[in-house]
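# Residue-level structure breakdown
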Amino acid sequence: MVQIKGSAIKETIHQIKSRSGDEALEKIFGLLDEETRAICQGEIYSSSWYPLDLFTRFLEVEIRVLADGREEMITRGSEVVIEKQLRGIYKAFVKLGSPEFVIKRIAAVHETYFQGVPIEVHFEGPGKALVRYTGFEKQHRIMGFAIIGFFKKALEISGAKDVVLSFTTAIGEGKRFAELSIGWS
């Protein structure tokens, strides 16, 4: 079973509250299945693991309620989260790091947020990389939007230009792996 760190769930709930208010969050909770609602409304521990299925169900309802079903808004939300995380001294490291360093670092960070999802990075020449995620299941497809947002914003902060990201094998295809193609100049 693929799991996600509680800190990701807590940050998402916090972002909804600060961006849209308690009323919007309550509306989302009201549309969730019983199990997801009980966990999301309860105490979420940052260092604990939670089923990724639960988090993806939460994100899908959030997008229906707050973004008229536009899943690409998940990308924007993850860009905001990573930008916040890369303030201060961490931002300096990203700015000083090469795009290759940033890609390796984001992949390493993702391994601490996902349990049961090994991640491999392959550089395919100058300005080109392929990141392979093994373990996601078809119902986790919405995570692809978040992953793109993390890489895109971190690479832009590092100074990479003309950043292009796309899943050549999407999570939603239900294969045993998903591959993210990254290009930059």
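Preceding block: the structure.
Scope of this entry: the structure provided in the associated data block.

Rules of the game
- Counting restarts for each chain: residues are numbered from 1 in the order of the written sequence.
- A pLDDT threshold of at least 70 governs which residues receive local features in this predicted model, and a stricter bar of 80 or more applies before side-chain atom pairs are shown or counted, although totals over entire chains, interfaces and linings include all residues.
- To get the side-chain values, take all heavy atoms of the structure and skip hydrogens and water.
- All axes are obtained by fitting lines to C-alpha atoms, using only the stretch in contact for helices, and the reported angles, taken between N-to-C directions, cover 0 to 180 degrees.
- Under the DSSP-based scheme used, a helix requires at least four consecutive residues in state H or I and a strand at least two consecutive residues in state E, with every element numbered from the N terminus.
- Under this scheme an angle from 65 to 115 degrees is roughly perpendicular, one under 35 degrees roughly parallel, and one over 145 degrees roughly antiparallel; angles in between are oblique.
- Any two residues having at least one pair of non-hydrogen atoms within 4.5 Å are treated as being in contact.
- The nonpolar class holds Ala, Val, Leu, Ile, Met, Phe, Trp, Tyr, Cys and Pro. Asp, Glu, Lys and Arg form the charged class, and all remaining residues, Gly among them, are polar.
- Take the buried residues of types Ala, Val, Leu, Ile, Met, Phe, Trp, Tyr and Cys, join any two whose side-chain atoms come within 4.5 Å, and each joined set is a nonpolar core.
- For every residue, the accessible area obtained with a 1.4 Å probe (protein chains only) is divided by the maximum for its type, and the residue is called buried under 20%, exposed over 50%, and partly exposed between those limits.
- Whether two strands pair comes down to DSSP finding at least two bridges between them.

## Brief notes about the packing of helix α3 (residues 34–41) against helix α4 (residues 52–66)
At a closest axis distance of 10 Å, the pairing of α3 and α4 adopts a crossing angle of 90°. Looking at the two axes, α3 sits roughly perpendicular to α4. On the side of α3, the interface is formed by Glu 35, Thr 36, Ile 39 and Cys 40, while α4 contributes Leu 54, Arg 57 and Phe 58. Looking at the contact of α3 with α4, its residues break down into four nonpolar, one polar and two charged.

## Considering the nonpolar core
Membership of the largest hydrophobic core comes to 56 residues, with the highest contact counts inside it found for Phe 58, Met 143, Phe 151, Leu 180 and Ile 182. The greatest single-element share of this core, amounting to nine residues, is contributed by helix α8 (residues 143–157). Setting aside chain neighbours within four positions, we find Phe 151 in contact with Ile 103, Ile 106, Ala 107, His 110, Val 131, Tyr 133, Leu 165, Leu 180 and Ile 182.

## Here we look at the sheet that holds strand β2 (residues 49–51)
Ordered by their spatial adjacency, three strands build an open sheet running β2-β1-β3, and the pairing between neighbours is antiparallel. Where the open sheet ends on each side, the last strands, each with one partner, are β2 and β3 (114–115). Of the strand pairs in this sheet, strand β1 (residues 3–5) and β3 are connected by two bridges, and their pairing is antiparallel. Bridge pairing in β3 places Ile 4 opposite Phe 114.

## Here's the deal with the pairing of strand β5 (residues 128–134)
Most of β5 is tucked away, with six of its seven residues classed as buried. Hairpin geometry of strand β4 (residues 119–123) and β5 is characterised by an intervening segment of four residues between the two adjacent antiparallel strands and by a positive phi of about 110° at Gly 125.

Treat this as a map of the structure, not an account of what it does.
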